[in-house]
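An overview of the molecular structure
For reference, the chains in residue letters:
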Amino acid sequence: SHGPNEPRLIPSRIPFFGHLPGMIRHGSSYYGMIAKKHNLPIFTLGVPKSKIYIVTSPQLISAIDRRSKTISFAPYVVQFAKRMLKPSQHAIEKLGENLLEEKGPVGLRPETLKAMHDSLVPGPNLDAISKVMLRGISTYLDPASVQESSGSGRIRLFEWTRRFVTRASTDAVYGPEKNPFHDPEVYDAFWTIDEQFILLGLNVLPGLITPRGSRARKLFFDAMHRYYSEDGPSTASALIRSRHAVSLQHGLSQTDMEHFNLSVSYGLLVNTVPTAAWVLYHVYSDESLLASLRRDIGAFVRREEEATASINLPEVIAGCRLLDSLVREVLRVHSTNASGRVVLRDTLIDDRYMLKEGATLLTPSAELHRNADVWGPTASAFDAGRFLGQKKVPGSAYRAFGSGASVCPGRFFATNEISAILVMMLPRYDVSPAHGRSWVVPKTKSHITTSIMTPVEDIEVRITEREEAKGVKWTFTWEAEEEKRQD
Ligand code: HEM
């Protein structure tokens, strides 16, 4: 049934399955096709046994964000846990408690989320993990390591980025001393789980449907078991320690805590890796952007002695506006998340639209990021400087990290890491396509669980040290200035 005040139902010619085949065939671009045809700020798509509201207007998103308790992201978190993390019944019950937050922000889910936000917000905790991350990245990006990775002369850009971002991010979060990802088998297992995500997520006889995925998940859980048994969390970041404390308070078993780390690693890695690789691609494939950024970053280089150079990362991140704009623009252009919510109780939004309990609500980022009413006539083009001169857009129109109560807690860390990679690369290295002289714009694909598009085929490049960088000893530091932050 469909109420008169519900968002308009878009009819489908396919009985029973409704819009499901279109959604499977076209992925998130299906919503854009329908939005364009009907030009509606919100509409309903029927699917078997349920309905989905699609929102394409930033104003309505703000109204929805204000109702985050009844139009909630939390059921997705519970579903993710049930399908992917092999939790105990007790853990699932705990996670599903107080979903509507009628007792206030208490319970496993809201308290864990708060612990994540608190430990990743700009401040001493974020500085501490950024420092460890920086150390990890600089080891991989020193000339000897880059030379080693170039073995045959070619580097697969996304795969290479994945290697050092995984290492540096997990060292930062799990602590460099006992980080389970040091074991190459754990690294491979994690990325196999990602590859087999859809099959594992079906949660039906995974051992038969995806033996590889199933084995990888077991290997990952076993590694986390060793980490917890060796008191790994005591050597970890505030993020892991505070999650650990909340889990203990809610009586989670050690096994559940170990398993829940798959979701931590997932959030930590799967979007940062492709974003960092895209940033490198966009800068190195555009000579004038490359020159501008080298000039702007150059202003932050200290040369105290002959043949030495140093950069303090927080200064560049705070002061280089083009770098900031570039990272935002890469995320805007390649973002493809649906930011799902579940309507937990009938809710009226904008005094007009009645959203019914049990329905799903999606705010597809790609659609909003291409909206010319918001971004102007160049909405579909890549423009690294867009955010330098951009007229004010509503915050809810920029969807790369979601918004409202479920906004990504890792956004500051991710931005620090992506910026750090660029700042360490640009002064020292040239990157050129391995085949031919010109860069080819790659075809892209989306992945059901990640928020960033990836190329259908990896981009092969050559990385060479710049003449002017040879023989110079580079140092990269993370010294945050407390006073600056308080301004
Ligand atoms: C470029 C990198 C990243 C992108 C594009 C990204 C994007 C997103 C998006 C779109 C959401 C969903 C928000 C919503 O639906 O409203 C999200 C949620 C989340 N992200 Fe990120 N993320 C990134 C990096 C990170 C990092 C580094 C971490 C961990 C340190 C992280 C942890 C999380 C967590 C835990 C959630 C779930 C929040 C909740 O439960 O409400 N993300 N992220």
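Notes on the structure follow.

Cut-offs and rules
Residues numbered from 1 in each chain as written. Predicted model: local features only at pLDDT ≥ 70, side-chain atom pairs only at ≥ 80, totals over all residues. Heavy atoms only, no water. Helix = DSSP H or I, 4+ residues; strand = E, 2+ residues; numbered from the N terminus. Rg over C-alpha atoms; globule rule 2.2 N^0.38 Å. Buried < 20%, exposed > 50% of the residue type's maximum accessible area, 1.4 Å probe, protein only. Areas by Shrake-Rupley, 256 points an atom, 1.4 Å probe, with all protein chains shown as cover. Lys, Arg positive; Asp, Glu negative; His and termini not counted. Charge placed at Lys NZ, Arg CZ, Asp CG, Glu CD. Donors = N, O, S within 2.8 Å, 3.2 Å for Na, K, Ca; no water. Core = buried A, V, L, I, M, F, W, Y, C linked by side-chain atoms within 4.5 Å. Contact = heavy atoms within 4.5 Å. Phe/Tyr/Trp six-rings, centres within 6.5 Å; stacked < 30°, edge-to-face > 60°. Lys NZ or Arg CZ within 6 Å of the ring centre and 35° of its normal.

Further remarks concern the overall build of the chain. Helices and strands together make up the secondary structure of the chain, namely 24 helices and 15 strands. Taken over C-alpha atoms, the radius of gyration comes to 23 Å for the chain, in line with the 23 Å a tight globule of 487 residues would show. Structurally, the chain occupies a C-alpha span of about 75 × 55 × 50 Å along its principal axes. Buried residues in the chain amount to 52% of all 487 residues. Split by element, the accessible area of the chain, about 23,000 Å² in all, is 53% carbon and sulfur. Charge centroids of the chain, computed over 59 positive and 53 negative side chains, lie 7 Å from each other.

There is one protein donor for the iron atom of the ligand, and it is Cys408 (SG), at 2.3 Å. Here Cys408 lies in the loop between helix H22 (386-389) and helix H23 (411-425).

Turning our eyes to something else, we now look at the nonpolar core. Counting 112 residues, the largest nonpolar core has Trp160, Leu293 and Met425 as its most contacted members. When residues no more than four places from it in sequence are discounted, the contact partners of Trp160 are Leu141, Val146, Ser149, Ile155, Leu280, Met425 and Ile463. Ala63, Val343, Ile349 and Leu361 belong to the second largest nonpolar core, which has 15 residues in total.

Looking now at the packing of aromatic side chains. This model, assessed by the stated rule, comprises 22 aromatic pairs. Ring centres of Phe181 and Phe220 lie 6.1 Å apart, and the angle between their planes is 70°; on these two criteria the pair is classed as edge-to-face. Placement of the pair is Phe181 in the loop between helix H9 (157-174) and helix H10 (184-195) and Phe220 in helix H13 (residues 211-229), with a sequence separation of 39 residues. Residue classification places Phe220 among the buried residues on the basis of a relative accessible area of 1%. Every member of this aromatic cluster is reached through a ring pair, and the members are Phe80, Tyr174, Phe181, Phe190, Trp191, Phe197, Phe220, Phe221, Tyr227, Tyr228 and Tyr266. Residue placement shows Arg328 over the ring face of Phe387; its charged tip is 5.9 Å from the ring centre. For the cation-ring pair, Arg332 lies above Trp375, with the distance from its terminal atom to the ring centre recorded as 5.2 Å.

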